[in-house]
Amino acid sequence: MSPIVLTIIISSLGLGTILTFISSHWLLVWMGLEINTLAIIPLMIRQHHPRAVEASTKYFITQATASALLLFASTTNAWTSGEWSLIEISNPGSATLATIALALKIGLAPLHFWLPEVLQGLDLTTGLILSTWQKLAPFAILLQLYPSLNPNLLLLLGVLSTMVGAWGGLNQTQLRKIMAYSSIAHLGWMITVLYYSHNLTQLNLILYITMTSTTFLLFKTFNSTKINSISSSSSKSPLLSTIALMTLLSLGGLPPLSGFMPKWLILQELTKQNLIVPATIMAMMTLLSLFFYLRLCYATTLTMTPNPINMSTSWRTKLPHNLILTTTASLSIFLLPVTPAILMLMP
């Protein structure tokens, strides 16, 4: 792809998200989401592969449906209340429709069916953008709308997402599908606590983006898309394999790693709100998620690719120094001790 075209596409991605961030009018918010969707399609389809074409088509149809639902919700609200302001959503039907539309946009269960299939058809770089950057604009809307949303609906979507994310990733062998189900589970944690503590949702979103970025960058460095192919990483770079092990365990939410922080705080908040049953279900589903993260850890660090005896050991490849990977990996692993400071900063 031409550097000029790539610059225009990346700029459009940024423009769409920023427009959604700064807008308070429903039409401008909708326009930002549309720019965002249209900007990522060329990145998806640049491989000229049937799977990439299929993924792009599925993504476009899904996002167009969600955008139409969101536009219908905003129009209905304007019709009943006479207000186009984003935070003036007084009609319960419009609020429910907007919640469903945004759930479809980010891939919450039971509207998650497109996400694993789309992510499987993309390369790792575009998959990283889809799993991280594309979640920002819908969450910016949810964080402004949360006082008007139905807490029971959010709780249902959240618990379902954690269950689907945990069960769906169990028997997968493709790394991108595993990351898709991991994304669904993490989004479920965020949406569950949104109504009760939006600050925790923001914290979880930041840490999710950090950990997912680290994982995708490691897979890209290893050039791996399947569990089988990642087993050669330990012989190529033991240091990066150890970082991958720590990052995957952090994604699973094991202490004393950064990923434990949002799960601990969210379970604490749900217990304060007397939501014991959803908290218990989500904690149990985390154990299932941890199983497939441990599978990846085992493949990454404890197995080696079979080599014939008469072959010499392959040279350890000189891996490029990546400042982004270094920063995100450090944040993904070492943030738990600063939890009290983060809590003090949260209003």
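Residues numbered from 1 in each chain as written. Predicted model: local features only at pLDDT ≥ 70, side-chain atom pairs only at ≥ 80, totals over all residues. Heavy atoms only, no water.

Below, the discussion takes up the packing of aromatic side chains. Remark: the centre distance and the inter-plane angle together describe each pair of aromatic rings, the angle taken between the planes. A full pass over the atoms with the stated rule returns four aromatic pairs. Ring geometry for Phe260 against Trp264: centres 5.9 Å apart, planes inclined by 10°, an arrangement best described as stacked. Residue Phe260 and its partner Trp264 are located together in helix α14 (residues 260-272), separated by four residues, close to a single helical turn. Owing to a relative accessible area of 25%, Phe260 belongs among the partly exposed residues under this scheme. Residue Trp264 is classed as partly exposed on the basis of its relative accessible area of 39%. Between Lys263 and the ring centre of Trp189, over which it is positioned, the NZ or CZ distance is 5.3 Å. (Phe/Tyr/Trp six-rings, centres within 6.5 Å; stacked < 30°, edge-to-face > 60°. Helix = DSSP H or I, 4+ residues; strand = E, 2+ residues; numbered from the N terminus. Buried < 20%, exposed > 50% of the residue type's maximum accessible area, 1.4 Å probe, protein only. Lys NZ or Arg CZ within 6 Å of the ring centre and 35° of its normal.)

This part covers the pattern of salt bridges. Scanning the model with the defined rule gives three salt bridges in all. Two residues, Arg46 and Asp123, come together in a salt bridge whose shortest N-O distance is 3.2 Å. Of this pair, Arg46 sits in the loop between α2 (26-45) and α3 (50-81) while Asp123 sits in the loop between α5 (114-120) and α6 (124-131), and the two are 77 residues apart along the sequence. One salt bridge in this structure joins Lys58 and Glu54, with 2.8 Å as the shortest N-O distance. One end of the pair, Lys58, and the other, Glu54, are both in helix α3, four residues apart, so they sit about a helical turn from each other. Take Lys58: its relative accessible area is 30%, and that puts it in the partly exposed class. (Salt bridge = Lys/Arg side-chain N within 4 Å of Asp/Glu carboxyl O.)

Okay, the UniProt feature "transmembrane region" (unreviewed entry) in the chain next. Mapped onto the present numbering, the UniProt feature "transmembrane region" (unreviewed entry) falls at residues 57-75, 95-115, 153-171, 178-196, 202-219, 239-255, 275-294 and 323-346. In residues 153-171, helix accounts for 84% and strand for 0%; the two terminal C-alpha atoms are 29 Å from one another. Spanning residues 202-219, this segment combines 100% helix with 0% strand, and its end C-alpha atoms are found 26 Å apart. (UniProt positions renumbered as here; feature names shortened; annotations may be inferred.)

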